[in-house]
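Residues per chain, in single letters:
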Amino acid sequence: MKLSIENTRKFITENELSALKADAENSLKLLHNKTGSGNDFLGWVNLPSSISQNDIDDIQSTADKLASLAEFVIVIGIGGSYLGAKAVIESLSSNFNNLQTNRKHPIVIFAGQNMNEDYTYELFETIKGHSVAAVVISKSGTTIEPAIAFRLVKNHIENTYGIEAAKERIVAITDKARGAMNTIANKNGYKIFVIPDDIGGRFSVLTPVGLLPVAVAGFDIKKLVAGAANMENLTDANISFDNNPACIYAAVRNILYKKGKRVEILANFNPKLHSLAEWWKQLYGESEGKNGKGIFPASVDFTTDLHSLGQYIQDGERMLFETVLSVESPKYKFTVPEDDENTDGLNFVANKRINQINKSAELGTILAHIDGGVPNIHISISEINEYHIGELIYFFEKACGISGYMLGVNPFNQPGVEAYKKNMFQLLGK
Ligand code: PA5
């Protein structure tokens, strides 16, 4: 993974960057020394390097068992108990994964991430006549969306296969002792994976919360963890600011924020990264948006959104900066055909690879946005694979912790999410 801040130079000075070096390094140390706010939620900092082969084997064998039993594995969870798995699976899967036949691995479908009645109905219509298994994920074990979905899925599995066989088809990922999910799982004899106490939902993708669904979908979780472990090394406490990409990204974001850039747009030119941006939005939004502060994290899929939000980014209120998540090489080759008649006037790109045209759009967009007053941070990986996705995940987590401390908030709590629940439960007469 490479980070470039060259295209922010027009907007921030070397002095402004130098002035924040010590703050960024200090924030990094707070994460490692566990002396900052929210320090009881720092289990993710050394997580990649502490995952053992036994941990991987346990997750993989559970995934293999579910895969052997089911065409559809329903992964139930919301927020941090859902977004990471979705991000990794979608970035590694075919864009048309769910339409493919002759698959080697089950289709992972998600439930409990909304309370929409039609979604629920259509999910059960879709799995009708197909074999299913379920992974229910809830750290607190009390979140209403996954709890409702699980009640329905549990009934379906028990009614279809019987209560004994249901035990083989349901896996719970939850707190080691607290919460209704833990009680239900123990009472029913489900296999349980524990979410460590010191890892919050949005930092949990490299625990079984993310790893089990990713393994079910057929991807190499060992490589994912290895990529994250590499980034753990590259952003370690003893790596100085100038060589530490997490510190640099965190510092640049904070400088831009102080200069009025209140919105960060994570832009990709590859539709497989759409859900990675959704995960990133939760990570940064829930970690930094508090006490009346915080950069608002937004995302766009280019070139698609150049034909919609592109106008605003180029020309609207100048409160934006952009972080482009770039992939150097696609997996496959495809070129534009030559056409003798050239009625569409496209022969200027004939025989060019689609990727070359996409890359020209990427560079052209970046240059145009800089000219339009939008600073640009560039993060690139050579290709999409488990290793590089693992690197990105840990990079963004580490930078988020540093950035939150630099902003002066506790990046590891989320007091704001309770407000709607209070009203909802009152309306429902709980
Ligand atoms: O990051 C977080 O802590 C939240 O997004 C939670 O993951 C989300 O609310 C789901 O919580 P739980 O896993 O307890 O059901």
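Residues numbered from 1 in each chain as written. Predicted model: local features only at pLDDT ≥ 70, side-chain atom pairs only at ≥ 80, totals over all residues. Heavy atoms only, no water.

Examining the overall build of the chain
Here comes step 1: Check the secondary structure of the chain and you find 16 helices and 10 strands.
Here comes step 2: Whereas a compact globule of 430 residues would reach a radius of gyration of roughly 22 Å, the chain reaches 23 Å, a difference of no more than 12%.
Here comes step 3: Principal-axis analysis of the C-alpha atoms gives the chain an extent of 65 × 65 × 45 Å.
Here comes step 4: Looking at the 430 residues of the chain, the share that counts as buried comes to 52%.
Here comes step 5: Restricting the contact set of the chain to residue pairs at least 6 apart, pairs at least 24 apart contribute 79%.
Here comes step 6: Summing over all exposed atoms, the chain offers an accessible surface of approximately 19,500 Å²; the carbon and sulfur share of this is 53%.
Here comes step 7: Each charge sign in the chain was given a centre, from 42 positive and 49 negative side chains, and these centres are 5 Å apart. (Helix = DSSP H or I, 4+ residues; strand = E, 2+ residues; numbered from the N terminus. Rg over C-alpha atoms; globule rule 2.2 N^0.38 Å. Buried < 20%, exposed > 50% of the residue type's maximum accessible area, 1.4 Å probe, protein only. Contact = heavy atoms within 4.5 Å. Areas by Shrake-Rupley, 256 points an atom, 1.4 Å probe, with all protein chains shown as cover. Lys, Arg positive; Asp, Glu negative; His and termini not counted. Charge placed at Lys NZ, Arg CZ, Asp CG, Glu CD.)

Some remarks on the site of the ligand
Here comes step 1: Taken together, 13 residues are adjacent to the ligand, and Ser81, Ser138, Ser140, Thr143 and Gln282 come closest.
Here comes step 2: One of the backbone N or O atoms of Lys139 is found 2.7 Å from an oxygen atom in the ligand.
Here comes step 3: One nitrogen or oxygen atom from the side chain of Glu286 is found 2.9 Å from an oxygen atom belonging to the ligand.
Here comes step 4: Calculation on the ligand without its partners gives an accessible area of 380 Å², and the protein chains cover 86% of this total.
Here comes step 5: Comparing atom positions with the cavity grids shows the ligand to sit within the second largest pocket.
Here comes step 6: Looking at the shell around the ligand residue by residue, the classes come out as one nonpolar, nine polar and three charged. (Near = heavy atom within 4 Å. Polar contact = N/O pair within 3.5 Å; in protein donor to acceptor, adjacent residues only side chain to side chain. 1 Å grid on protein atoms, 1.4 Å probe; cavity = no way out; pocket = protein on both sides within 12 Å on 5 of 7 lines; lining within 4 Å. Sits in = over half its atoms within 2 Å of the grid points. Nonpolar A, V, L, I, M, F, W, Y, C, P; charged D, E, K, R; others polar.)

Digging into the layout of surface pockets
Here comes step 1: The volume enclosed by the second largest pocket comes to roughly 810 Å³.
Here comes step 2: Elements supplying a minimum of two residues to the lining of the second largest pocket: β4 (132-138), α6 (144-161), α12 (274-288) and α16 (418-427).
Here comes step 3: When its residues are assigned to classes, the lining of the second largest pocket shows eight nonpolar, 11 polar and eight charged.
Here comes step 4: Inspection of the lining of the second largest pocket shows a minimum of three residues originating in each of domain 1 (2-36 + 227-412) and domain 2 (47-219). (Points joined across faces, edges and corners; volume = space filled by probe spheres on them. Domains from an automatic or database assignment.)

As for the domain arrangement of the chain
Interface size is commonly expressed as the accessible surface area that is lost when the partners come together.
Here comes step 1: Here the domain parsing of the chain yields domain 1 (2-36 + 227-412) and domain 2 (47-219).
Here comes step 2: Computed over C-alpha atoms only, the centres of domain 1 and domain 2 are separated by 30 Å.
Here comes step 3: Contacts between the two partners involve 25 residues from domain 1, matched on the other side by 21 residues from domain 2.
Here comes step 4: Between domain 1 and domain 2, a total of about 2,000 Å² is buried, with carbon and sulfur atoms accounting for 62% of that surface. (Buried area = accessible area lost by both parts, 1.4 Å probe.)

What about unusual backbone geometry?
Here comes step 1: Note that the residue after Phe302, namely Thr303, is joined by a cis bond; omega there is 5°.
Here comes step 2: Counting through the fold element by element, Thr303 comes out in the loop between β8 (296-301) and α13 (310-315).
Here comes step 3: One non-glycine residue, Lys34, lies in positive phi territory at about 55°.
Here comes step 4: Of note, Lys34 is situated in the loop between α1 (14-33) and α2 (47-50).
Here comes step 5: Unusually for a residue other than glycine, Asn342 sits at a positive phi of about 50°.
Here comes step 6: Position of Asn342 relative to the elements: it lies in the loop between β9 (320-327) and α14 (354-371).

Some points on the sheet that holds strand β6 (residues 191-194)
Here comes step 1: Within the open sheet, the five strands sit side by side as β3-β2-β4-β5-β6. Their pairing is parallel. Sheet topology places β3 (107-111) and β6 at the edges, where each strand pairs with a single neighbour. Mean inter-strand twist for the sheet, computed between neighbouring axes without regard to direction, equals 20°.
Here comes step 2: Pairing geometry for β4 and strand β5 (residues 170-174), over five bridges, is parallel. Counted as the bridge partner of Val136 is Ala172 from β5.
Here comes step 3: Helix α3 (residues 53-69) rests against β2 (72-76), β4, β5 and β6 of the sheet, and its axis sits at about 140° to β6.
Here comes step 4: Most of the contacts of helix α5 (residues 117-127) go to β3, to which it runs at about 155°, and overall it touches β2, β3 and β4. (Pairing = 2+ DSSP bridges. Axes fitted to C-alpha atoms, helices over the stretch in contact; angles between N-to-C directions.)

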